[in-house]
Amino acid sequence: MTPNSELDSIQLNFSSSDLLLLNLALALIMYGVALDLRFEDFKYLAKNPKGFILGVFSQFLLLPFLTWCLVLIMKPPPSVALGMFLVAACPGGNVSNFLTSLAKGNTALSVSLTGFSSIICIISTPLNFALWAGLYAPTSNLLRDISLNYTEAFTTVALILGLPLILGILTHKYAPLFAQKASKILKPLSILIFTAFIVIAFAGNFDLFTKYISLIFLWVLAHNFVALGSGFLTGKIFKLPLADVKTMTIETGIQNSGLGLVLIFTYFDGLGGMAIITAWWGIWHLISGMTIASLWKLKV
């Protein structure tokens, strides 16, 4: 059996208690992000529709399509391709607002897109994943074998992202002082929590990661480059201001791989190729995002 085909059959070790903690951590992270949101922030989208529409297009339409094209070109194992489709279908990552601020991008646009994507992903993540994975024969066959319950997936995404988002916005509205203090704590804590879970996933499956990291690294590098590039080029082609271009790049290139891991361990039994590539995405997009944001900060 080749290393590529082995990836489709292995499963990562991740206990039910680990999964519960990951669910709670992700909900806490989303709550922390939402503490900076106000219902009024969504008015920004109506006043500045061009950046918002292009942001939605880049993240929810262009990235999944380009991921499908990349899969056709690279032909990774079906389980890896499933992971790539799932990452592309996830909303923006929880650190995108911080990175946008660091890069001197349009923070208002970033915050608004984060809020919108976290709500719409309740519908868009399962649908986008099913659509593009279904259009690629190897992953379509694998999905039939797994028999994913999309209704349950909708519910999981709603509970993990939608509910904490609403609670965070309500907290900001009715307890602004608490929200301000809690946000300062939860912002850095959210990065540490997510990184810790990725490390736990790596530590519990260290032999598998070291065996396949050379393959996974190249796939994630190419996929993340496509994600960042699609956001950047969309902004440039449609002549958005530089601050908006930065935001588009980061929002499209930073994906909520934590949500991806929750769905993988809940509905795919820790399927090896999916879990490994999603976990490495969680590490790599922080590295690439921080690098790009730091360069932009120094340049402008």
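Bear in mind the structure is a predicted one, so any value in this text is a computation, not a measurement. (Residues numbered from 1 in each chain as written. Predicted model: local features only at pLDDT ≥ 70, side-chain atom pairs only at ≥ 80, totals over all residues. Heavy atoms only, no water.)

1. Re the overall build of the chain
Condition: Labels follow the DSSP assignment, with helices taken as runs of H or I lasting at least four residues and strands as runs of E lasting at least two, numbered in each case from the N terminus. Only protein chains enter the area calculation, which uses a 1.4 Å probe; residues under 20% of their type maximum are buried, those over 50% are exposed, and those in between are partly exposed. Any pair of residues with heavy atoms lying within 4.5 Å of one another is described as a contacting pair. For the area figures, the Shrake-Rupley method with a 1.4 Å probe applies, and any residue is considered shielded solely by the protein chains shown.
A count of helices and strands for the chain gives 14 helices and 0 strands. Its helices and strands taken in sequence order, the chain reads α-α-α-α-α-α-α-α-α-α-α-α-α-α from the N to the C terminus. Within the chain, the fraction of its 300 residues that count as buried is 56%. Long-range contacts, defined as pairs at least 24 residues apart, comprise 87% of the intrachain contacts of the chain with a sequence gap of at least 6. As displayed, the chain offers around 12,800 Å² of accessible surface, 72% of which is attributable to carbon and sulfur atoms.

2. Some thoughts on helix H4 (residues 49-74)
Basically, it comes down to this: Here a helix's expected span is defined as the number of its residues, less one, multiplied by 1.5 Å. A residue's bend is the angle separating two fitted axes: one through the seven residues that end there, the other through the seven that start there.
With 26 residues, H4 ought to run about 38 Å at 1.5 Å a step, and its terminal C-alpha atoms sit 35 Å apart, in line with that. Most pronounced at Leu62, the bend in H4 amounts to some 40 degrees, and the proline Pro64 follows within four residues. Once H4 ends, the next one or two residues include Lys75, with phi positive near 50 degrees.

3. Some words on the packing of aromatic side chains
Going by this rule: By convention, a stacked pair of Phe, Tyr or Trp rings (six-membered ring in the case of Trp) has centres within 6.5 Å and planes under 30 degrees apart, an edge-to-face pair has planes over 60 apart, and any other such pair is tilted. Two conditions define a charge sitting above a ring: the NZ of Lys or the CZ of Arg must be within 6 Å of the ring centre, and it must be within 35 degrees of the ring normal.
Under the counting rule described, the total for this entry stands at 8 aromatic pairs. An aromatic cluster is built from Phe65, Trp68 and Trp132, whose rings are joined through pairwise contacts. The lysine or arginine in question, Lys173, covers the ring of Tyr174, its NZ or CZ lying 5.7 Å from the ring centre.

4. What to know about the nonpolar core
Quick reminder of the rule: Here, nonpolar core means buried Ala, Val, Leu, Ile, Met, Phe, Trp, Tyr and Cys residues that are tied together by side-chain atoms lying within 4.5 Å of each other.
Grouped together as the largest cluster of nonpolar side chains are 60 residues, with contacts concentrated most on Leu82, Phe85, Phe129, Ile216, Phe268 and Met274. By size, the runner-up hydrophobic cluster in this structure holds 9 residues, among which are Ala103, Ile254, Ala293 and Trp296.

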